[in-house]
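# Architecture and fold: a report
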Amino acid sequence: MVIKLKDRLLFLLKVIISFYVILIVCYVIFYLVDTLGNGLFLDWFARKFLVTTTLENTDSGMSYFNQDISWSVLKDFLLKCFCAIVLFMAAVIYSVVHFYTRKKVKAAANEAGKLIHTYMDTENAKAEVIFSPPYGEIGTEMERVKTVMERHEQILKEESRRKSDLLTYLAHDLKTPLTSVMGYLSLLDEAPDMPEEQKEKYVGIAFDKACRLESLLNEFFEITRYNLQEIPLEKETIDLYYMLLQMMDEFYPILSAHGNTASLHADEDLKLYGDPEKLARVFNNILKNAVAYSYPDTAIEISAKETDESVEISIGNKGKTIPAQKLKSIFEKFFRLDEARGSNTGGAGLGLAIAKEIVEQHGGTLRAESKEELTVFYVSLPKRGNT
């Protein structure tokens, strides 16, 4: 924390006063000891530093005593005293500085904590108003942190709302096909002599409703798995051309039922390093989305090529142009392009969100463009992903 000039001068003055107080105390102690001890200091000084020599006068035969100071002993003693005083003063100054600094830092930390609590607990608070100039940097940082927290909180609320709505819709939708299945099976059970043609019709309807029920149950399972599953990547070299070709074959019944076709434009030797199971899920989710929202009797174009640093894959379909505001949200969890629950095209709204997370976990990017009734998803993956 920044200490003002006034505080620094005050601190220096305290150190100087402390030094003189120590000297005065030492002098007072010396005076009291010497006075009460009846010249003990002088006696000690004489014994320690005075050298007595005896001189004899040959003419008179008398002896004289002469006392001189032993300057070498005195200088050694004074040097030791000086060193001791320096060390003592250094210890005193360090203790004073340490105590004073801790006190100031603790006070500043407490004040900063109060300001932070006030700022975080006050709605629409302005950092420059709450945080005084010495705490300006903290105010700027807390403003950034609060903005990020509010944005994340809003995203979580939106996801929670979508998930809640989705579960409500799915619970309602589960009842509809189940009721139909039970109704048609009851008719078949109650009328054993029903004409074969009518039986086949009822069995077909019941089967379709059962398939729809299975699809809805899979959506429930997808939501649960998305919340609980965090599996690390198991990377290896992948034959990307073969993976995409195999996926097209797996989608052939769905494509045929929708009147669509799929074509692949890629080098047969195209390789990629990544988790084959996870990346297969990425392309499966994107291709499933392309089929669901493409016009009947149109082609889905799949392209893949290698660049210097990455492998670029694109999957495009002809269909309604996705509005710009929705295009920004298609990779968000539980987002559905079709708001109407009567449509069978929309899933749990997790497919593209999961695909994006897997791609980013590989160190790549996933984006989409939609214009003039052509929607294209672009997947970019590094040749050697993050390990």
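Quick note: structure is the one above.
Quick look at the structure, then. (Residues numbered from 1 in each chain as written. Predicted model: local features only at pLDDT ≥ 70, side-chain atom pairs only at ≥ 80, totals over all residues. Heavy atoms only, no water.)

Scanning the protein chain for helices and strands turns up 11 helices and nine strands. Across the 387 residues in the protein chain, those meeting the buried criterion constitute 30%. Summarising the internal contacts of the protein chain: among those between residues at least 6 apart in sequence, 66% fall at separations of at least 24. (Helix = DSSP H or I, 4+ residues; strand = E, 2+ residues; numbered from the N terminus. Buried < 20%, exposed > 50% of the residue type's maximum accessible area, 1.4 Å probe, protein only. Contact = heavy atoms within 4.5 Å.)

Quick look at helix α9 (residues 276-292) now. If you check α9, its first and last C-alpha atoms are 24 Å apart, about what 17 residues at 1.5 Å a residue would give, namely 24 Å. Those residues of α9 not exposed but buried are K278, L279, V282, F283, N285, I286, L287, N289, A290 and V291. In this structure D275 caps α9, since a side-chain oxygen of it lies 3.1 Å from the backbone nitrogen of E277. (Expected span 1.5 Å × (residues − 1). Polar contact = N/O pair within 3.5 Å; in protein donor to acceptor, adjacent residues only side chain to side chain.)

A few words on the environment of D208. Looking at the element boundaries, D208 is found in helix α6 (residues 196-228). For the pair D208 and P177, spaced 31 residues apart in the sequence, the C-alpha separation amounts to 8.7 Å.

Counting buried residues in strand β9 (residues 374-382) gives seven out of nine residues, a clear majority hidden from the surface. Of the strand pairs in this sheet, strand β7 (residues 310-318) and β9 are connected by nine bridges, and their pairing is antiparallel. Note that in β9 the partner of S310 across the bridge is P382. Pairing of strand β8 (residues 365-371) with β9 involves seven bridges; the strand directions are antiparallel. When the bridges of β9 are listed, L366 appears paired with V379. In this structure, the hairpin formed by β8 and β9 is closed by a connection of two residues, where E372 is found at a positive phi of approximately 50°. (Pairing = 2+ DSSP bridges.)

Attention shifts here to the packing of aromatic side chains. Enumeration over the complete set of coordinates arrives at zero aromatic pairs. The ring of Y378 carries the charged tip of R367 above its face, separated from the ring centre by 4.4 Å. (Phe/Tyr/Trp six-rings, centres within 6.5 Å; stacked < 30°, edge-to-face > 60°. Lys NZ or Arg CZ within 6 Å of the ring centre and 35° of its normal.)

It is worth spelling out helix α11 (residues 351-361) at this point. Along α11, the positions that sit buried rather than exposed are L352, A353, I354, A355, I358 and V359. Among the residues trailing α11, G363 stands out with phi positive, at a value near 85°.

What follows covers the side chain of K146. Along the chain, K146 falls in helix α5 (residues 136-190). No salt bridge forms around the buried K146; measuring N to O, its nearest opposite-charge neighbour E150 is 4.4 Å away. Aside from chain neighbours lying at most four places away, what touches K146 is Y119, M120, T122 and A125. (Lys, Arg positive; Asp, Glu negative; His and termini not counted. Salt bridge = Lys/Arg side-chain N within 4 Å of Asp/Glu carboxyl O.)

A separate point is the packing of helix α7 (residues 240-250) against α9. Contact pair α7 / α9: the axes reach a minimum separation of 11 Å and the direction vectors enclose 45°. In terms of orientation, α7 lies oblique with respect to α9. Helix-helix and strand crossings are classified by hand; for α7 and α9 the assignment is right-handed. Mapping the contact onto sequence places L240, M243, L244 and M247 in α7 and P276, L279, A280, F283, N284 and L287 in α9. (Axes fitted to C-alpha atoms, helices over the stretch in contact; angles between N-to-C directions. Parallel < 35°, antiparallel > 145°, perpendicular 65-115°, else oblique. Left-handed = near helix turned anticlockwise from the far one by under 90°.)

Nonpolar side chains collect at one region of the surface, where L10, L13, I17, V21, V25 and I29 lie side by side and expose about 510 Å² of accessible area between them. Structurally, the position occupied by L13 is in helix α1 (residues 5-36). (Patch = residues over 30% accessible without salt bridge, like charges linked within 9 Å, V, L, I, M, F, W, Y side chains within 5 Å. Areas by Shrake-Rupley, 256 points an atom, 1.4 Å probe, with all protein chains shown as cover.)

Another aspect to go through is the pattern of salt bridges. Enumeration over the complete set of coordinates arrives at seven salt bridges. Across the salt bridge formed by K80 and D76, the nearest N and O atoms sit 3.4 Å from each other. Residue K80 and its partner D76 are both found in helix α3 (residues 71-121); the two are separated by four residues, about one turn of the helix. Close ionic contact of E141 with R144 constitutes a salt bridge, the shortest N to O distance being 2.7 Å. Highlighted residues: E141 and R144, both in helix α5, separated by three residues, approximately one helical turn. On the basis of relative accessible area, E141 is assigned to the partly exposed category, the value being 39%.

Turning our attention to the packing of α9 against α11. As a packed pair, α9 and α11 sit with axes 9 Å apart at the nearest point and diverge in direction by 145°. The handedness of the crossing between α9 and α11 is left-handed. Side by side, α9 and α11 meet where K278, L279, R281, V282, N285, I286 and N289 of the first sit next to G351, L352, I354, A355, I358 and V359 of the second. When its residues are assigned to classes, the contact of α9 with α11 shows eight nonpolar, three polar and two charged. (Nonpolar A, V, L, I, M, F, W, Y, C, P; charged D, E, K, R; others polar.)

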